[in-house]
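# Understanding the architecture of this molecule
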Amino acid sequence: MLQAAALVKGYRSGDRQIAVLRGVDLTIAAGESVSIRGESGSGKSTLLHLLAGIDTPDAGAVHWDGRTTLPVERRAAMIGMVFQSFYLIPELNTFENVLMAARVAGAPRAAARTRARELLGRVGLAGRETHLPAQLSGGERQRAAIARALVNSPRLLLADEPTGNLDEQTGAGVIDLLLGLGAETRTALVLVTHNAAHAARTARQLFLHEGVLR
Ligand SMILES: Nc1ncnc2c1ncn2[C@@H]1O[C@H](COP(=O)(O)OP(=O)(O)O)[C@@H](O)[C@H]1O
Ligand SMILES: [Mg+2]
């Protein structure tokens, strides 16, 4: 479903060029779960943004279903992304934040509302629908972001440290949910995590080190 080949990405800092990814290859099959660990600053978030098609590599290519372009509506339907810093819209309540992702994908309204409600229940946010992000705890925001990533029943879920702000028990519950989806609906999962126990639960475990995935 997704194939990344020889991805190179760097950032310019003043007149210096910092190489972050130096040739990353990765293939993800339908329903597959993969974890990526790596030191802070090793480029994990950078890599996920390339895989999501929201940033472009300096060299190399990503293929989604064999195609090198991913128009926004197709991306919204195919890929769910849980960002490291959530990116909830502060003016929208929990329910509306989740629904927003369905709007982008052009999902029918009634079905999207039902799905949003169901997902908020599954991540333990029933009763928090009308809270604004500022009225949620860090862990609750994280779970709202997870519900939003799942609202379009994506075939690929990219999760950037989705348990980083959660206590152990809530974090384990989130991982259960993410891995359970793979079994239920063949949703593929790329899980960036620092938690070795969580990483061990994916079918494949990778490390990003010195710009290369192995
Ligand atoms: N937009 C950016 N501009 C400049 N440097 C960046 C940018 N995004 C990330 N970096 C740098 O790239 C490196 C990798 O960052 P990141 O992908 O966030 O790492 P990780 O998620 O593994 O902690 C870091 O050194 C970071 O400072
Ligand atoms: Mg990161």
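From a predicted model like this one, the values you see are computed outputs, not experimental measurements.

Attention now moves to the sheet that holds strand E6 (residues 156-160). The strands that make up a sheet pair up through hydrogen bonds in the backbone, lying either parallel or antiparallel. Ordered by their spatial adjacency, six strands build an open sheet running E5-E6-E7-E3-E8-E9, and the pairing between neighbours is mixed. With partners counted over all chains shown, the strands left at the sheet margins are strand E5 (79-82) and strand E9 (212-213), one partner each. As judged from the four bridges shared by strand E3 (residues 33-37) and strand E7 (residues 188-192), these two strands associate in the parallel manner. In the strand pairing of E7, Ile36 is matched with Val192. Those strands touched by helix H1 (residues 44-51) are E3, E5, E6, E7, strand E8 (204-209) and E9, and its axis lies near 155 degrees from that of E6. Along the sheet face, helix H5 (residues 138-150) touches E5 and E6 and points at about 170 degrees away from the line of E5.

This part covers the pattern of salt bridges. Within the structure shown, the criterion is met by seven salt bridges. The closest approach of N and O atoms between Asp176 and Arg201, which form a salt bridge, is 2.6 Å. Residue Asp176 is found in helix H6 (residues 168-185), and its partner Arg201 is found in the loop between helix H7 (196-199) and E8; the two are separated by 25 residues along the sequence. For Arg201, a relative accessible area of 39% corresponds to the partly exposed category. In this structure, a network of salt bridges that share partners links the residues Arg115, Glu118 and Arg122.

Next up on the list: the coordination of the magnesium ion (ligand 2). Angles between donor atoms at a metal ideally measure 109.5 degrees for a four-coordinate tetrahedral arrangement and either 90 or 180 degrees for a six-coordinate octahedral one. For the magnesium ion (ligand 2), the full set of protein donor atoms is Ser45 (OG) and Gln84 (OE1), and the range of their distances to it is 2.1 to 2.3 Å. Taken together, the residues span a long stretch of sequence, with Ser45 in helix H1 and Gln84 in the loop between E5 and helix H3 (94-104) at a distance of 39 residues. A relative accessible area of 37% places Gln84 in the partly exposed class.

This part covers unusual backbone geometry. Even without being glycine, Ala6 reaches a positive phi, approximately 50 degrees. Tracing the sequence through the fold places Ala6 in strand E1 (residues 2-13). On the basis of relative accessible area, Ala6 is assigned to the partly exposed category, the value being 40%. Of note, the phi angle at Tyr87 is positive, near 50 degrees, even though the residue is not glycine.

Our next topic: the site of ligand 1. Taken together, the neighbourhood of ligand 1 is formed by Tyr11, Val20, Glu39, Ser40, Gly41, Ser42, Gly43, Lys44, Ser45 and Thr46. A distance of 3.2 Å separates an oxygen atom of ligand 1 from a polar atom in the backbone of Ser42. The separation between an oxygen atom of ligand 1 and a polar side-chain atom of Lys44 is 2.8 Å. Contact with the protein chains covers 58% of the free accessible surface of ligand 1, which is 560 Å².

Thresholds, definitions, all that
- Residues numbered from 1 in each chain as written.
- Chains lettered and ligands numbered in written order.
- Predicted model: local features only at pLDDT ≥ 70, side-chain atom pairs only at ≥ 80, totals over all residues.
- Heavy atoms only, no water.
- Pairing = 2+ DSSP bridges.
- Helix = DSSP H or I, 4+ residues; strand = E, 2+ residues; numbered from the N terminus.
- Contact = heavy atoms within 4.5 Å.
- Axes fitted to C-alpha atoms, helices over the stretch in contact; angles between N-to-C directions.
- Salt bridge = Lys/Arg side-chain N within 4 Å of Asp/Glu carboxyl O.
- Buried < 20%, exposed > 50% of the residue type's maximum accessible area, 1.4 Å probe, protein only.
- Donors = N, O, S within 2.8 Å, 3.2 Å for Na, K, Ca; no water.
- Near = heavy atom within 4 Å.
- Polar contact = N/O pair within 3.5 Å; in protein donor to acceptor, adjacent residues only side chain to side chain.
- Areas by Shrake-Rupley, 256 points an atom, 1.4 Å probe, with all protein chains shown as cover.

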